[in-house]
Amino acid sequence: MKLPLNIDVQQILLHLFNFAILFAGMYFILYKPVRKFMDSREEHFKKLEEEANSLVEEGEKAKEEYENRLKSADSEINAKREVAGKETFAERERIITAANEEAANILKKARDKAQSEHDRIINDAQKEIAQIVNDATEKIVLRSDLDTYDQFINASKKEEIDE
Amino acid sequence: MSKKRIIISAVIFAVIIIGLLVGIILTNDPNKVQEETIQEVMQDAVLHEHLKVSLFGLKDVNPGLIAGFIVTGVMLTFAIIVRIFVIPRFKLIPGKFQLILETAVGLFDGTAKGNSPHKYKLLRLYMFVAGSYIFVGTCFELLGIQVISTSGKPVTLGAPLSDINGAIMMGCTTYLFLLISGLVVNKAKGFFGVLKDFSLPISMSLRLFGALLSGALVTELVYYTKYTSYGLPVLIGIAFTLLHALVQAYVLTMLVSIFYGEATEVHEKKEKVKKVKKNKKELSSEV
């Protein structure tokens, strides 16, 4: 078909055929692989960014948790210190009480022992005194008997002589 | 570079230039008559009525179509080489060539997303291929590859889109692409939205044709006269060609992007606010 300005429909179609081949070829050979690589790289870096973000988030969480722990540790330490103080005080009281009790016991025992010793000594002393008195009485008695006897003998002897 | 080396290089360059000028003057034949007038050259550059090239003996076609095939061949060969030797060696941190390729592929991402935020993947592909074709096709003009026309005269292959048939193809394909995209995304509404801009393919085709042809015509004019065909083409040929290759690729891709955005724009249905008729009693109570 001949048109003005040398326009030829067949040549237009040939140009279109040429352009279609170019379009398909460029798409499959060049555009698609390059675009695929660019997309995969974008995906790769997006993934890396996400990982980095999640790591940062995790780090922040850990930091927060650590700070919370520090705070709770402080309060825990205070509570424990308080409990320990109370326990120490109670233990001290207990020890003092026990010591006092023990001291009282020791004192009591000592007193008892001293009392019993005292009693024993007194008893012994009494017994000894009684013995001494006994002995002394006995001696006195016995001595007086001897003296009388001697006097009698002496007197009888004297009389005999006199006679 | 040492001073001595600079002086030697400058002397060699000056000798070559002087030699060329002497050659031009000595080979000038004052009796020679131009075979074609400038009018004929210009007319043929626009219409290609006489200088046709045989397409494998099947049909006589404009040189622009042959240029189109060569450009496609060059681009696909380049793509295959890149696919085989470069893409498998791509690294996460790109080298220079990888960076150029990635920049070229991702060049239209921003424009496509900006103009059509909800649907842009196909658009950016179309922009990439069409933009590359226009740019490489226009730069192809710089090579000045010559083929033998059916009349036996050599003809220089220009940009594929400086052929009116190529420009019409690009304009109509773009329009068809917009129509189909509008139909797929917004059904009939999108289709008719694009259809009402029926002047779009004509304007796109003629603008492309005119813009690319003007570059070719200026170059033809410069080369027609012997004395302007030395030195001046460096500025006219290369700078102008590169400039309008960039500008035309940019303009077409921008236009496609804007029209595509309009065609595939998702219209949210507005909920109608029902007007509640108030009773007279309620009105009087409010008063």
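Residues numbered from 1 in each chain as written. Chains lettered and ligands numbered in written order. Predicted model: local features only at pLDDT ≥ 70, side-chain atom pairs only at ≥ 80, totals over all residues. Heavy atoms only, no water.

**Considerations on the overall build of chain A**
Next, step 1: Across its full length, chain A holds 1 helix and 2 strands.
Next, step 2: Shown N-terminal to C-terminal, the secondary structure of chain A runs as helices and strands in the order β-β-α.
Next, step 3: For chain A, the C-alpha radius of gyration of 66 Å lies well beyond 15 Å, the compact-globule estimate for 163 residues.
Next, step 4: By principal-axis analysis of the C-alpha atoms, chain A measures approximately 220 × 25 × 15 Å. (Helix = DSSP H or I, 4+ residues; strand = E, 2+ residues; numbered from the N terminus. Rg over C-alpha atoms; globule rule 2.2 N^0.38 Å.)

**Some words on the environment of Arg41 of chain A**
Next, step 1: As for its placement among the helices and strands, Arg41 of chain A is situated in helix H1 (residues 9-162).
Next, step 2: Not counting residues up to four positions away in its chain, the partners in contact with Arg41 of chain A are Lys91, Leu92, Pro94, Gln98 and Glu102 of chain B. (Contact = heavy atoms within 4.5 Å.)

**Re the interface of chain B and chain A**
Next, step 1: Counting residues at the interface gives 48 residues for chain B, matched by 30 residues for chain A.
Next, step 2: In total, chain B and chain A occlude about 3700 Å² of area from one another, counting both sides; carbon and sulfur atoms represent 75% of this.
Next, step 3: Counting across the chain B and chain A interface gives 3 salt bridges.
Next, step 4: We note a salt bridge from Asp8 of chain A to Lys59 of chain B, for which the minimum N-O separation is 3.0 Å.
Next, step 5: Across the contact surface, chain B and chain A share 14 residue pairs in polar contact (both at pLDDT 80 or more). (Buried area = accessible area lost by both parts, 1.4 Å probe. Salt bridge = Lys/Arg side-chain N within 4 Å of Asp/Glu carboxyl O. Polar contact = N/O pair within 3.5 Å; in protein donor to acceptor, adjacent residues only side chain to side chain.)

**A short note on the domain arrangement of chain B**
Next, step 1: Taken as a whole, chain B is organised into domain 1 (1-32) and domain 2 (37-265).
Next, step 2: Between domain 1 of chain B and domain 2 of chain B, the C-alpha centre-to-centre distance is 37 Å. (Domains from an automatic or database assignment.)

**Structural notes on the confidence of the model for chain B**
Regions with low pLDDT carry predicted coordinates that are not meant to be interpreted in detail.
Next, step 1: Mean pLDDT over chain B stands at 82; residues scoring 70 or higher make up 91%.
Next, step 2: The secondary-structure element of chain B with the lowest mean pLDDT is helix H10 (residues 280-286) of chain B, recorded at 55, while helix H3 (residues 63-86) of chain B shows the highest, at 94. (pLDDT = per-residue confidence, 0-100.)

**What about the nonpolar core?**
Next, step 1: Among the nonpolar cores identified, the biggest contains 67 residues, and Phe19, Met26 and Leu30 of chain A together with Tyr133 and Met170 of chain B are the most heavily contacted of them.
Next, step 2: Taken together, the elements giving at least two residues each to this core come down to H1 of chain A together with strand E1 (53-55), H3, helix H4 (96-105), helix H6 (121-140), helix H7 (164-195), helix H8 (200-224) and helix H9 (232-263) of chain B. (Core = buried A, V, L, I, M, F, W, Y, C linked by side-chain atoms within 4.5 Å. Buried < 20%, exposed > 50% of the residue type's maximum accessible area, 1.4 Å probe, protein only.)

**Points about a nonpolar patch on the surface**
All names here are of chain B.
Next, step 1: A grouping of Ile8, Ile12, Phe13, Ile16, Ile17, Leu20 and Leu21 is seen on the molecular surface, where their side chains present a nonpolar patch of about 690 Å² in accessible area.
Next, step 2: Topologically, Leu21 is positioned in helix H1 (residues 3-26).
Next, step 3: Residue Leu21 is classed as partly exposed on the basis of its relative accessible area of 47%. (Patch = residues over 30% accessible without salt bridge, like charges linked within 9 Å, V, L, I, M, F, W, Y side chains within 5 Å. Areas by Shrake-Rupley, 256 points an atom, 1.4 Å probe, with all protein chains shown as cover.)

**So, the packing of H7 of chain B against H9 of chain B**
If you want to describe how two helices pack, look at the angle between their axes and the distance between the axes.
All names here are of chain B.
Next, step 1: The N-to-C vectors of H7 and H9 enclose an angle of 15 degrees; their axes lie 9 Å apart at closest approach. Classed by the angle they form, the pair H7 and H9 counts as roughly parallel. When you trace H7 past H9, the crossing you get is right-handed. On H9, the residues touching Met170, Thr174, Phe177, Leu178, Ser181, Gly182, Asn186, Gly190 and Val194 of H7 are Leu252, Val256, Phe259, Tyr260 and Ala263.
Next, step 2: The class makeup of the residues in the contact of H7 with H9 is 9 nonpolar, 5 polar and no charged. (Axes fitted to C-alpha atoms, helices over the stretch in contact; angles between N-to-C directions. Parallel < 35°, antiparallel > 145°, perpendicular 65-115°, else oblique. Left-handed = near helix turned anticlockwise from the far one by under 90°. Nonpolar A, V, L, I, M, F, W, Y, C, P; charged D, E, K, R; others polar.)

**A look at the pattern of salt bridges**
Once their charged atoms are close, side chains differing in charge can pair, the charge on each being opposite to the other.
Next, step 1: Applying the stated rule across the entire model yields 10 salt bridges over all chains.
Next, step 2: Salt-bridge contacts for Arg41 of chain A lead to Glu102 of chain B; the nearest nitrogen and oxygen are separated by 2.4 Å. Note that Arg41 of chain A is positioned in helix H1 and Glu102 of chain B in helix H4, a pairing that runs across two chains.
Next, step 3: Residue classification places Arg41 of chain A among the buried residues on the basis of a relative accessible area of 12%.
Next, step 4: Exposure remark for Glu102 of chain B: the relative accessible area of 6% places this residue in the buried category.
Next, step 5: The partner of Glu117 of chain A in a salt bridge is Arg120 of chain A, and the shortest N-O contact between them spans 2.4 Å.

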